[in-house]
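Here's the letter readout for the chains.
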Amino acid sequence: MSDKVSCTHCHLEFNQDVMIVDGEHYFCCKGCQGVYHLLKDQGLGNFYEKVGNTALTPPTQQYEDSANFNSPAFYDKFVSVNKDGFSEVSLIIEGIHCAACVWLNEKALHKMEGVISADINYTNNKAKIVWVDDVLKLSSIIDMIRAIGYNAFPYDASLQELRANKERKDYYLRMAVAIFSTMNVMWIAVAQYAGYFTGITQDIKTILNIAEGVLATPVLFYSGWIFFRGAYFSVKTKAVNMDILVATGASLTYIYSIYITLFERGEAYFDSVTMIITFVLIGKFLEILSKKSVADTLDIMSNHIPSSIKVIEDGKIVSKNINDVKVSDIIAVGSGERVALDGEVVSGEGNFDESNLTGESEPIYKQNGDKIISGTISIDADIKYRATKDFAHSTLSNLVSLLEGAMSNKPRIQQLANTLSEYFSAIILVFAFITFVVWWMWPHSFETSFMVGISVIVIACPCALALATPVATLVGLGIASKRGILFKQAAQLETMAKATTLVLDKTGTITQGKPKVVKEHIYDEFDTSLLYSLVQNSKHPIAKGIAEFIYEENLHNLELEAVKQLPALGISATCNDKKLLGGNVKLMQTEGLCQDTTLHVDASGGEHSEFYFAYDGKIVAKYELFDTPKEDAAESIKAIKSQGIEVIMLTGDHKKSALKIAEQVGIDRVEAELTPDGKSSYVNELHKSGKVVVMAGDGVNDILALATADIGIAMGSGSDIAIDVSDVVLLNNSLKSLNDAFKISRKTYYLIKQNLAISLLYNAITIPLAMAGYIIPLIAAISMSFSSLLVVGNSMRIRLGFKDK
Amino acid sequence: MDSWVIAMMLGVSIFLGSIALIAFLWGIKSGQFDDEEKFLNAVKFDGQEELNDAVTQQKKRDELKKKQYKPE
């Protein structure tokens, strides 16, 4: 055994003898070596000082040809021209591990002729690049990023994400002003109220009033603009909301305070104005902070759609827009290009990468007459195919529109606080008006009655109500994320707390997704090395399970020839002119090896997955594999059931193995042999019967169901698309955290209800007092902060009971 | 007299505070706080070289801008 050394570029450690030696440096692959020399040549070698010992991803071979990025259709979609006449594109850069990576990318791009600015966001790996299109093309930029060991693909930034960021920034600005003013108004108010109790001359009072007024004005008109806007819309749609209450309360108090200041009638109440707006604004901001943008999800899907197609017309290649291609057009696809439409190969042959649609990571060989699916990438194939469907009916476009549909049709459960505040606001406004009228009729001065009316609005002003939900959900989200549960949106905590049904996918969710050999049948002697070498060629979980089972020290890899992956069947190869076959029953049947009845070949499928190995035309061994459930599965499912949630298992597998797993983990309802569509329509049926459904899954075949369910939960190890589509991600893949997710959301929901009860109770006590005229705005302001603190403090109680970890 | 002292002090401190506030608002608007990680790491990658880089970048930009607007 030789020593381990780390690669000079990526810092991953390998045995010395497998490394490429280059002077005093070691490299794990040609890619790393290439990047290292490129950086040295470009004078960017000090990248390695900056990066320290962080391990990087070794550069990978990119299948997609960068020349595609230069097509006019692509430019139309992603590249915009800014006001200086420069081109702009937004990219997502893959492979960024540390701040030094950001530094390197920016530096390398800056060194290019024609690049004006490259700004990369370290947090979300998104980059904005501005360049002069006359000097260099987008493809050169992408090539540069790939050359230094990263990968980039464009996304359409004009969508929701940009809007969401803008909104967030807008709130920052408004909050900065509000908080600054409130804090300053408060210390002036301290002087004011100290004077109120100890004696103060009217001219000093007026000076303090003016100072407060100066500070309160930007808060009301700049920070409070959001509430005026909200109030306007709510009047327009004739639905009373909290914004009306805040807007009327704050502006009436403001007007009244100006009147006091001008006519020197004592203390103004500008402090109440700023405080109401600041508190409610913070509540609103917390809500915004935890909203996810659906745009992000669809970015990745639509990135899979090529924008222009090479169609062959009269022997010439014509570039066409994807929507203009008709059925039975002949389309050319070169190596590294993406297939846009479903079709049938008419000439040429080669391998295709179907991983982003099927999850199958092995390249699939296609030749004349084979069907090809849209969304897949040609790895080395240079083929022509006949379109059998137009774009709108192709698999890829179908999938995108199904997803879009599922996401927009998701049932939205209205949040408790929103429903409540509608009624609440209307009632308070009516109360305030009645109070004012009654006081005025009961002979009082206009001034006094107006003051009492305002105090009703100010005291009822829903600071606590506005903070009740966001603070509790934020605490809940914090606890959840510490346990590896990521909620993408705060409102989902509430939806999840109301869930009645949990739907689980079998493979990878309940089970480990790694089948293990449970039974071995040897029919004839054979060299285990043969089988070992054969299964080494496949990445299929079953092949991996076999390799793990038969692994011994003295096995060696044999030279195999003509290795072929047979999708959904197995693998074949030859060794010394003897044919090797490994795969399922179907493969054995198609090869005509199943006549021998003594082997008990059972085509109907048993509890276990079966793997046959045939050598030289004879079946020599059979292995039975079983995907065992995760260790904590049974326990966690029991715990979830005890919370009163119905648990259902859905799977695409055959019934027998599904039932066996279900029995082991204690699930009574099982639906087996479902297609991805079937899963999602099953979830829909549950919806129809009034259930609130949580779906947990990990594979590409679950994405439709995940998008359809009220809450889609993806395993962190699942496919990227599944994670994108889902609302919650379980980072540690365990069912225990699924149980935790239920517990945390229920606890949070319980505390939200309690918070709302506290703020309503507080109002029930103070509003009658205010109507009777016992409360001056000073006390209103103090009690307002008190009730807010109470709600915030109460929210912290979610932590109790989750302290053990 | 007393009241004028108070008025002045209030005026001056609010004025100074608002300068700080405006600087902060400018910082938010121009995107200096957009990427908290980069913001915190910036100090590690600061130096003469970075300054030079920024200047060359600015020069390149101005030159290219001039080129684009040359009369045709």
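It should be emphasised that the depicted structure is a prediction, and the values quoted were computed from it without experimental measurement.

About the thresholds
- Residues numbered from 1 in each chain as written.
- Chains lettered and ligands numbered in written order.
- Predicted model: local features only at pLDDT ≥ 70, side-chain atom pairs only at ≥ 80, totals over all residues.
- Helix = DSSP H or I, 4+ residues; strand = E, 2+ residues; numbered from the N terminus.
- Buried ≥ 20, exposed ≤ 12 C-beta atoms within 10 Å, placed from the backbone.
- Contact = placed C-beta atoms within 7 Å.
- Nonpolar A, V, L, I, M, F, W, Y, C, P; charged D, E, K, R; others polar.
- Pairing = 2+ DSSP bridges.
- Axes fitted to C-alpha atoms, helices over the stretch in contact; angles between N-to-C directions.
- Parallel < 35°, antiparallel > 145°, perpendicular 65-115°, else oblique.
- Left-handed = near helix turned anticlockwise from the far one by under 90°.
- Expected span 1.5 Å × (residues − 1).
- Core = buried A, V, L, I, M, F, W, Y, C linked by C-beta atoms within 7 Å.
- Arc of directions from axis to C-beta.
- pLDDT = per-residue confidence, 0-100.

A count of helices and strands for chain A gives 28 helices and 31 strands. Scored against the burial criterion, the 805 residues of chain A give a buried share of 43%. Look at the contacts in chain A between residues 6 or more apart in sequence, and 68% of them connect residues 24 or more apart.

If you tally the helices and strands in chain B, you get three helices and zero strands. Overall, chain B shows an N-to-C arrangement of helices and strands of α-α-α. The 72 residues of chain B split such that 3% are buried.

Below, the discussion takes up the interface of chain A and chain B. With 26 residues of chain A in contact, the opposing surface of chain B contributes 25 residues. The set of elements that each furnish at least two residues to the side of chain A that touches chain B consists of helix 4 (99-110), strand 7 (115-120), helix 6 (160-198) and helix 7 (202-223) of chain A. Top element by residues in the side of chain A that touches chain B is helix 6 of chain A. It accounts for seven residues. Its residues placed into classes, the side of chain A that touches chain B shows 16 nonpolar, six polar and four charged.

Let us look at the pairing of strand 13 (residues 343-347) of chain A. All names here are of chain A. Where strand 13 and strand 16 (residues 371-372) come together, two bridges link them in antiparallel fashion. Its bridge partner lying in strand 16, Gly343 is registered against Ile372. Taken together, the four bridges between strand 13 and strand 18 (residues 383-387) define a ladder with antiparallel strand orientation. What sits directly across from Val345, in strand 18, is Tyr385.

The next subject is the sheet that holds strand 31 (residues 728-730) of chain A. Residue and element names in this part refer to chain A. Taken in spatial order, the seven strands line up as 19-31-30-29-20-27-28 in an open sheet, and their pairing is mixed. The strands lining the two open edges of the sheet, one partner per strand, are strand 19 (485-487) and strand 28 (669-671). Adjacent strand axes in the sheet meet at a mean angle of 20° when their direction is disregarded. In terms of strand pairing, strand 20 (residues 501-505) meets strand 29 (residues 693-697) through four bridges, oriented parallel. Considered in strand 29, the bridge of Thr501 is made with Val693.

Here His556 of chain A shows up in the loop between helix 20 (541-550) and strand 22 (561-566). On a C-alpha basis, the gap between His556 of chain A and Ser533 of chain A in space is 7.6 Å, while along the polypeptide they are 23 residues apart.

Let us now look at unusual backbone geometry. Residues and elements named next belong to chain A. Backbone geometry at Ser328 places phi at a positive 75°, although glycine is not the residue there. Position of Ser328 relative to the elements: it lies in the loop between strand 11 (316-321) and strand 12 (330-333). A count of 10 C-beta atoms within 10 Å places Ser328 in the exposed class.

Moving on, we get to the packing of helix 22 (residues 633-642) of chain A against helix 27 (residues 735-771) of chain A. Residue and element names in this part refer to chain A. Where helix 22 contacts helix 27, the axes come no closer than 8 Å and their chain directions differ by 15°. Viewed along their axes, helix 22 and helix 27 adopt a mutual orientation that is roughly parallel. Note on packing geometry: the crossing formed by helix 22 with helix 27 is left-handed. Along its contact with helix 22, which presents Ala633, Ser636, Ile637, Ala639 and Ile640, the element helix 27 presents Leu735, Lys736, Leu738, Asn739 and Phe742.

What follows is about the sheet that holds strand 17 (residues 377-378) of chain A. Residue and element names in this part refer to chain A. Reading across the sheet, the three strands line up as 15-14-17 and stay open at both edges, with antiparallel pairing between neighbours. Because the sheet does not close on itself, it has two edges, and the strands there are strand 15 (364-366) and strand 17. Bridge count between strand 14 (residues 350-353) and strand 15: three bridges; the pairing is antiparallel. Across the sheet, Asn351 pairs through a bridge with Tyr365, a residue of strand 15.

Turning our attention to the environment of Ile434 of chain A. All names here are of chain A. Within the element layout of this structure, Ile434 appears in helix 14 (residues 416-441). We classify Ile434 as partly exposed; it has 13 C-beta atoms within 10 Å. Sequence separation of Ile434 and Gly453 is 19 residues, and the distance between their C-alpha atoms is 8.1 Å.

All right, on to helix 4 of chain A then. Residues and elements named next belong to chain A. For helix 4, spanning twelve residues, the distance from its first C-alpha to its last is 17 Å, which sits close to the expected 16 Å at 1.5 Å a residue. Counting buried residues along helix 4, ten of its twelve residues qualify, which places the element largely inside the surrounding structure. Within helix 4 the residues assigned to the buried category are Ala100, Cys101, Val102, Trp103, Leu104, Asn105, Glu106, Lys107, Ala108 and Leu109.

Residue and element names in this part refer to chain A. Residues Val273, Ile277, Val503, Val694 and Met695 are the most contacted members of the largest nonpolar core, which totals 122 residues. Apart from the residues within four sequence positions on either side, Met695 is in contact with Val503, Val683, Ala705, Leu706, Ala709, Gly712 and Ile713. Residues Phe27, Val51, Val89 and Val102 belong to the second largest nonpolar core, which totals 44 residues.

Take helix 5 (residues 138-147) of chain A next. Residues and elements named next belong to chain A. Considered for burial, the residues of helix 5 that qualify are Leu138, Ile141, Ile142, Met144 and Ile145. Taken around the axis of helix 5, the buried residues stretch over an arc of 155°, which confines them to a single face. Those residues of helix 5 that are buried lie in contact with strand 6 (87-94), helix 4, strand 7, strand 8 (126-131) and strand 9 (151-154). Remark: Gly149 follows helix 5 within two positions and exhibits a positive phi of approximately 95°.

All names here are of chain A. Per-chain confidence: chain A averages 77 in pLDDT, with 85% of residues scoring 70 or above. Mean pLDDT across the secondary structure elements of chain A bottoms out at helix 11 (residues 294-302), with 50, and peaks at helix 7, with 90. Predicted confidence for residues 292-297 stays below pLDDT 50, and this span has 13 contacts to residues more than four positions away or in other chains.

Here we come to the confidence of the model for chain B. For residues with low pLDDT, the predicted coordinates do not support detailed interpretation. Residue and element names in this part refer to chain B. Per-residue confidence for chain B gives a mean pLDDT of 79; residues scoring 70 or more make up 89%. Within chain B, the lowest mean pLDDT, 71, falls on helix 2 (residues 36-41), and the highest, 90, falls on helix 1 (residues 2-29). In the predicted assembly, ipTM is 0.78 and pTM is 0.64.

Put simply, helix 7 of chain A and helix 1 of chain B touch, their axes get as near as 10 Å, and they point 10° apart. Considering their axes alone, helix 7 of chain A and helix 1 of chain B lie roughly parallel with respect to each other. Counted together, Asp203, Ile204, Ile207, Ala211, Val214 and Leu215 of chain A of helix 7 of chain A and Ser3, Ile6, Ala7, Leu10 and Ile14 of chain B of helix 1 of chain B form the full contact between these two elements. Grouping the constituent residues of the contact of helix 7 of chain A with helix 1 of chain B by class yields nine nonpolar, one polar and one charged.

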